[in-house]
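Listed below are the residues making up each chain.
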Amino acid sequence: MDPIHIEAPPIIRPLSPALETVAIKELNENPARLADDLLTLRRWIWSQPHLKARTNDQFLLAFLRGSKFSLERAKQKIDRYYTLKAAIPEVFNEQRQSDDPLVLEIVRMGVILQIPLPTDESRPCVTIIRSTAYDINKYKFADIIRVGSMFGEIMMIEDDNSTVCGYLEIMDMIGVTGSHLFHLPPDLVRKFSIFADEAMPMRQKGTCFINVPLSFEKGFNAMKAFFPEKMKNRITVSSSIDVIYDFVPAAYLPEEYGGTNGTINDIIKRMEAKLLKYRDYFLNERHYGTEEKLRECSVKYDYESHFGIEGSFRKLDID
């Protein structure tokens, strides 16, 4: 036993019967082996001189589920999670705080809406992104992504639907113009897409673009080239709103989207309250990350090549 660290029984939030069935069948989760898997992953983190990572049970469990309980893949995802954060400083910076005025402004505009699901539901969690709900002359795309990444992290920690069943993004493009498309920096879109695909432990089940102007198609196809290949195959584009009901029951949606699940303003208030509860969590994020000069590997990590075609992580063996 490591003399520095004290072992304790795992503290895990129990799954609903429906989610537990999915976790066992689709993610290879074995409740009887869970404590051993968590201990193995935690001890591996402690043994890595370059890596300072969170080691609480629920955090590590998200990565095990996101790797279908392959310990080697979970190790790799955790390493990438912290390493790639350092490679996107325009998103992961000192402004990434729950009480930052800019963050709260964006939350209150309802650009990002996390849709509450019934507790007994076993489907992917749902986020609606309202692409024109913010002034592109006032806010940078990196500001929006920063707030989205914060709620993605909260979702990873406390939403079992996201770690077991994955997540669905609904992109509401109503009123989008060419100016909005030019506002998207291709390099940041590419880098964050890679981060979401290769480092976050939730499985993206699809992206549904609704209310898409007919003139958007050409620009969309150009932007689509920056997405990872498997993400391209999970994208749906429609000029109407009706396609949304193929993915989410109307009853789960807010009134503004034809549902009965409260209003957008109700969702905004819940999200702001939730974010403020994570003040200490985001304040403590500065204590976690990687120090590349301490990495015990013959291949030096190269951010640029990873965000290109051949990343160094593709050559790394995680011991």
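Before reading further, recall that the structure is shown in the block above.
A brief report on the enclosed structure follows. (Residues numbered from 1 in each chain as written. Predicted model: local features only at pLDDT ≥ 70, side-chain atom pairs only at ≥ 80, totals over all residues. Heavy atoms only, no water.)

### Observations regarding a positive patch on the surface
Part 1 of the argument: Judged by side-chain charge, Lys68, Arg73, Lys205 and Arg234 come together as a positively charged surface patch.
Part 2 of the argument: Relative to the assigned elements, Arg234 resides in the loop between helix 11 (229-232) and strand 6 (235-237).
Part 3 of the argument: For Arg234, a relative accessible area of 35% puts it in the partly exposed group. (Patch = residues over 30% accessible without salt bridge, like charges linked within 9 Å, V, L, I, M, F, W, Y side chains within 5 Å. Areas by Shrake-Rupley, 256 points an atom, 1.4 Å probe, with all protein chains shown as cover. Salt bridge = Lys/Arg side-chain N within 4 Å of Asp/Glu carboxyl O. Lys, Arg positive; Asp, Glu negative; His and termini not counted. Charge placed at Lys NZ, Arg CZ, Asp CG, Glu CD. Helix = DSSP H or I, 4+ residues; strand = E, 2+ residues; numbered from the N terminus. Buried < 20%, exposed > 50% of the residue type's maximum accessible area, 1.4 Å probe, protein only.)

### So, the nonpolar core
Part 1 of the argument: Among the nonpolar cores identified, the biggest contains 78 residues, and Phe59, Ile78, Tyr81, Met156, Ile170, Phe195 and Leu275 are the most heavily contacted of them.
Part 2 of the argument: Sorting elements by how many residues they give to this core places helix 6 (residues 141-158) first, with 11 residues.
Part 3 of the argument: Structurally, this core is a two-domain feature, drawing no fewer than three residues from each of domain 1 (17-87 + 291-304) and domain 2 (101-277).
Part 4 of the argument: Among residues more than four places away in sequence, those in contact with Leu275 are Ser98, Val103, Leu104, Val107, Met150, Phe151, Ile154 and Phe282.
Part 5 of the argument: Counting 8 residues, the second-largest nonpolar core is a separate cluster that includes Met171, Met173, Val176 and Val212. (Core = buried A, V, L, I, M, F, W, Y, C linked by side-chain atoms within 4.5 Å. Domains from an automatic or database assignment. Contact = heavy atoms within 4.5 Å.)

### Here's the deal with the environment of Tyr139
Part 1 of the argument: Inspection of the secondary structure assignment puts Tyr139 in the loop between strand 3 (125-130) and helix 6.
Part 2 of the argument: What makes Tyr139 buried here is its relative accessible area of 5%.
Part 3 of the argument: For Tyr139 and His183, which are 44 residues apart along the polypeptide, the C-alpha to C-alpha distance reads 9.8 Å.
Part 4 of the argument: Once you skip the residues sitting within four places of it in the chain, Tyr139 turns out to touch Leu102, Glu105, Ile106, Met109, Tyr134, Ile144 and His183.
Part 5 of the argument: Polar side-chain contacts of Tyr139 include one of 2.5 Å to the side chain of Glu105. (Polar contact = N/O pair within 3.5 Å; in protein donor to acceptor, adjacent residues only side chain to side chain.)

### What to know about the pattern of salt bridges
Part 1 of the argument: For the coordinates displayed, the defined rule picks out 25 salt bridges.
Part 2 of the argument: In this structure, the salt-bridge partner of Glu272 is Arg108, at a minimum N-O distance of 2.7 Å. Highlighted residues: Glu272 in helix 12 (residues 264-277) and Arg108 in helix 5 (residues 101-109), separated in sequence by 164 residues.
Part 3 of the argument: Judged by relative accessible area, Glu272 falls into the buried class, the value being 17%.
Part 4 of the argument: We classify Arg108 as partly exposed; its relative accessible area is 47%.
Part 5 of the argument: Between Arg123 and Glu121 there is a salt bridge; the shortest N-O distance is 3.4 Å.
Part 6 of the argument: Judged by its relative accessible area of 25%, Arg123 falls in the partly exposed class.
Part 7 of the argument: What makes Glu121 buried here is its relative accessible area of 13%.
Part 8 of the argument: Each of Arg54, Lys85, Arg96, Glu153 and Glu285 takes part in a single network of salt bridges with overlapping partners.

### A short note on the layout of surface pockets
Part 1 of the argument: Size it by volume and the largest pocket reaches roughly 490 Å³.
Part 2 of the argument: Lining the largest pocket are 23 residues, and of these Ile115, Pro116, Leu117, Asp159 and Lys274 lie nearest its centre.
Part 3 of the argument: For the lining of the largest pocket, the secondary-structure elements that each account for two or more residues are strand 2 (112-115), strand 3, helix 6, helix 7 (160-165) and helix 12.
Part 4 of the argument: Considered class by class, the residues forming the lining of the largest pocket number 12 nonpolar, 5 polar and 6 charged. (1 Å grid on protein atoms, 1.4 Å probe; cavity = no way out; pocket = protein on both sides within 12 Å on 5 of 7 lines; lining within 4 Å. Points joined across faces, edges and corners; volume = space filled by probe spheres on them. Nonpolar A, V, L, I, M, F, W, Y, C, P; charged D, E, K, R; others polar.)

### Describing the pairing of strand 5 (residues 204-210)
Part 1 of the argument: Counting buried positions along strand 5 yields 6 of 7 residues, so the element is predominantly enclosed.
Part 2 of the argument: One ladder, built from 6 bridges, connects strand 4 (residues 167-172) with strand 5; its direction is parallel. Residue pairing across strands places Met171 opposite Phe209, the latter belonging to strand 5. (Pairing = 2+ DSSP bridges.)

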